[in-house]
Amino acid sequence: MTREEQWMENYKALKAFVKENGHFAPKNTTLSNWTKYQRRRINQGKMPKKQLKLFKALAESRDKNFQQITFMG
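What counts and what doesn't
- Residues numbered from 1 in each chain as written.
- Predicted model: local features only at pLDDT ≥ 70, side-chain atom pairs only at ≥ 80, totals over all residues.
- Heavy atoms only, no water.
- Helix = DSSP H or I, 4+ residues; strand = E, 2+ residues; numbered from the N terminus.
- Expected span 1.5 Å × (residues − 1).
- Buried < 20%, exposed > 50% of the residue type's maximum accessible area, 1.4 Å probe, protein only.
- Core = buried A, V, L, I, M, F, W, Y, C linked by side-chain atoms within 4.5 Å.
- Contact = heavy atoms within 4.5 Å.

Caption draft 1: Seen up close, helix α2 (residues 30-43). With 14 residues, α2 extends 20 Å from end C-alpha to end C-alpha; this agrees with the ideal 20 Å at 1.5 Å per step. For α2, the set of buried residues is Leu31, Ser32, Trp34, Thr35, Gln38, Arg41 and Ile42. The positive-phi residue at the C-terminal boundary of α2 is Gly45, with phi of around 70°.

Shown next, in the form of structure tokens:
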């Protein structure tokens, strides 16, 4: 599986969790750790635009704190 395919699998898992629960995963779970890493990538300007668009749309709709993050690109 490529990194992009793995990213999409994690994104789909997060999206399903948000749809079912109305919020991002609880702290100290694999999914929450992945979400934190994605935020770090965004702040460092390392996330590809396609991923950024998907993640940002999901995050803005569910996570009020996400608006405080500076988006690069």
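Caption draft 2: Just the nonpolar core, in detail. Core analysis: the largest hydrophobic core is formed by 14 residues, its most contacted members being Trp7, Leu14, Phe24, Trp34, Met47, Phe55 and Leu58. Among the elements of the structure, α1 (3-21), α2 and α3 (49-62) are those that each provide at least two residues to this core. Those residues in contact with Leu14 that lie beyond four places of it in its chain are Phe24, Leu31, Trp34, Thr35, Phe55 and Leu58.

Caption draft 3: Structural view of unusual backbone geometry. Even without a glycine there, the phi angle at Asn28 is positive, about 65°. Relative to the helices and strands, Asn28 is located in the loop between α1 and α2. On the accessibility criterion, Asn28 (68% relative accessible area) is exposed.

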